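Read off the chains here:
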Amino acid sequence: MAEGGWVAAVARLRADREPGVLVTVVTVRGHAPRTAGAKLVVGAARTWGSIGGGNLEAIATDKARALLAAGTVAPELFTVTLSDKAPLQFGVQCCGGTVTVLLEPLPVTPAVAVFGVGHVGLELARILARHDLDLHLVDTRPEQLADERLAVLADAVARVHVHRLAVLPEIVLGELPAGTHVLIMTHDHAEDFALCDAVLRGGDFGSIGLIGSAAKWARFRTRLAAHSHDAATVARITTPIGIPGIRGKEPATIAVSVAADLLRTIEREACPDTAADPPATERGTAPLAAPADADG
């Protein structure tokens with residue numbers, strides 16, 4: 001792999017939404033096939049680059065794929081002695097040196113789709129764009145997705161995907177990657193309902209959030225039941241959205257609340273053992289309920 005080729009390999013895994021592990025030689029004492037800094041990228045079924053081949057690389061590849069199978073996100077170090085007197089797993093490699101290797105898991109980047117890029121939606125996009133994720137922005141109003149309006153996302157860390165379409169925003173649902181978190185916050189209750197109905201009918205989605213009031217949700221719940229969605233299916237939709245206890249109605253306030261709650265959900269998925277909910281006294285008691293006519 002040419003110098004810097006590992007960057008392209010990591011980018012390819014990300015584009016294909018496949019997990020991987022970046023393997024780096026961090027220290028070398030004595031003789032070894034490669035110097036410190038050599039890199040190998042390991043995917044579930046393929047590899048790119050090399051840290052020297054032989055026993056060392058085979059051990060690294062096995063360990064990397066064990067991390068992939070376990071869904072581990074924390075990096076790990078291991079050390080191998082390259083000696084014919086050392087315990088060997090994959091044949092003799094007797095360079096005489098000792099090599100320490102770093103394994104860095106590269107999990108699949110979270111994906112979020114925001115349907116409705118109005119006042120709240122744009123503020124939310126500005127926050128989410130500062131995180132390492134795939135951000136999909138969908139709106140049927142051309143002016144909401146105009147280049148000059150989205151210029152505030154020019155320095156985004158996220159990969160921003162803009163979906164411009166005149167009608168039927170629910171079509172985009174079929175284009176989203178598996179596990180996408182969906183936030184429904186358009187300017188039109190009819191669009192909101194069509195999206196709720198469509199997202200519940202199929203697809204591999206993460207969390208599903210709907211902005212709006214209790215009255216709006218009561219109407220939607222009745223209509224969704226009439227459209228053959230049972231109670232358990234309807235319960236997949238969370239509304240109101242946001243951190244409980246934040247009562248401000250300004251678009252930026254609502255966006256901060258929604259983003260914080262969503263990022264906590266994403267963190268909980270990535271590290272289920274360490275992302276427990278905080279005590280109720282920290283979360284507050286009253287949920288955020290955006291006005292019925294809130295413009296996403």
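Structure: above.
Notes on the structure follow. Model, not experiment: these values are computed from the prediction.

1. Overview of the environment of Asp261
Looking at the element boundaries, Asp261 is found in helix H7 (residues 251–270). Overall, Asp261 belongs to the buried group, its relative accessible area being 19%. With 19 residues separating them along the chain, Asp261 and Gly242 place their C-alpha atoms 5.4 Å apart. If near-sequence neighbours (up to four positions away) are discounted, Asp261 is found in contact with Gly242 and Ile243. Polar contacts involving the side chain of Asp261 include one to the side chain of Arg264, which spans 2.8 Å.

2. With respect to the pattern of salt bridges
Pairing is possible between side chains that carry opposite charge, provided their charged atoms lie close to one another. Scanning the entire structure with this criterion turns up 12 salt bridges. Notably, a salt bridge pairs Arg126 with Glu123, separated by 4.0 Å at the nearest N-O pair. Of this pair, Arg126 and Glu123 both sit in helix H3 (residues 119–128), 3 residues apart, roughly one helical turn. The class for Arg126 is partly exposed, based on a relative accessible area of 40%. The salt bridge involving Arg141 is made with Asp139; its shortest N-O contact spans 2.9 Å. For the pair formed by Arg141 and Asp139, the shared burial category is buried. Through salt bridges that share partners, Arg14, Arg17, Asp132, Asp134 and Arg159 make up one connected network.

3. Things to note about the packing of aromatic side chains
Throughout the structure, instances matching the rule amount to 1 aromatic pair. Look at Phe193 and Phe220: their rings are 5.4 Å apart centre to centre, the planes differ by 85°, and that puts the pair in the edge-to-face class. With Phe193 in helix H4 (residues 189–201) and Phe220 in helix H5 (residues 214–226), this pair connects stretches of sequence that are 27 residues apart. With respect to class, Phe193 is no different from Phe220; both count as buried. Geometry around Phe78 places Lys63 over its ring, the cationic atom sitting 5.4 Å from the centre. The ring of Phe193 has Arg223 sitting right over it, with the charged end atom 3.8 Å from the ring centre.

4. Examining the packing of H3 against H7
It is at 8 Å that the axes of H3 and H7 come closest, and there the two elements cross at 50°. Considering their axes alone, H3 and H7 lie oblique with respect to each other. The two elements H3 and H7 cross, and the hand of that crossing is right-handed. Taken together, the residues of H7 that come into contact with H3 (itself represented by His119, Val120, Glu123, Leu124, Ile127 and Leu128) are Pro251, Ala252, Ile254, Ala255, Val256, Val258, Ala259, Leu262 and Leu263.

5. Observations concerning H4
For H4, with 13 residues, the first-to-last C-alpha span of 18 Å sits near the 18 Å given by 1.5 Å per residue. Considered for burial, the residues of H4 that qualify are Glu191, Asp192, Phe193, Leu195, Cys196, Asp197, Val199 and Leu200. Structurally, the start of H4 carries an N-cap: the backbone nitrogen of Ala190 is 2.8 Å from a side-chain oxygen of Asp188. Directly beyond the C-terminal end of H4, a positive phi value near 110° is found at Gly203.

6. Section: the sheet that holds strand E10 (residues 205–210)
Strand order in the open sheet made by the 6 strands is E8-E7-E6-E9-E10-E11, with parallel pairing throughout. Each having just a single partner strand, strand E8 (159–164) and strand E11 (237–238) make up the two edges of the open sheet. In this sheet, strand E7 (residues 134–139) lies alongside strand E6 (residues 111–115) in parallel orientation, the contact comprising 5 bridges. The partner of Phe115 across the bridge, within E7, is Val138.

7. Things to note about a nonpolar patch on the surface
Together, Val167, Leu168 and Ile171 line one region of the surface with nonpolar side chains, adding up to about 280 Å² of accessible area. Note on placement: Ile171 falls in the loop between E8 and strand E9 (180–184). Judged by its relative accessible area of 48%, Ile171 is partly exposed.

8. Digging into the packing of H4 against H5
Taken N-terminus to C-terminus, the directions of H4 and H5 make an angle of 45°; their axes are 11 Å apart at the nearest point. One finds that H4 runs oblique with respect to H5. The interaxial crossing formed by H4 with H5 has right-handed handedness. Within the contact between the two elements, H4 uses His189, Asp192, Phe193, Cys196, Asp197 and Leu200 and H5 uses Lys216, Arg219, Phe220, Arg223 and Leu224.

What counts, and where the lines are drawn
- Residues numbered from 1 in each chain as written.
- Predicted model: local features only at pLDDT ≥ 70, side-chain atom pairs only at ≥ 80, totals over all residues.
- Heavy atoms only, no water.
- Helix = DSSP H or I, 4+ residues; strand = E, 2+ residues; numbered from the N terminus.
- Buried < 20%, exposed > 50% of the residue type's maximum accessible area, 1.4 Å probe, protein only.
- Contact = heavy atoms within 4.5 Å.
- Polar contact = N/O pair within 3.5 Å; in protein donor to acceptor, adjacent residues only side chain to side chain.
- Salt bridge = Lys/Arg side-chain N within 4 Å of Asp/Glu carboxyl O.
- Phe/Tyr/Trp six-rings, centres within 6.5 Å; stacked < 30°, edge-to-face > 60°.
- Lys NZ or Arg CZ within 6 Å of the ring centre and 35° of its normal.
- Axes fitted to C-alpha atoms, helices over the stretch in contact; angles between N-to-C directions.
- Parallel < 35°, antiparallel > 145°, perpendicular 65-115°, else oblique.
- Left-handed = near helix turned anticlockwise from the far one by under 90°.
- Expected span 1.5 Å × (residues − 1).
- Pairing = 2+ DSSP bridges.
- Patch = residues over 30% accessible without salt bridge, like charges linked within 9 Å, V, L, I, M, F, W, Y side chains within 5 Å.
- Areas by Shrake-Rupley, 256 points an atom, 1.4 Å probe, with all protein chains shown as cover.

Any link to function would need more than the numbers given here.
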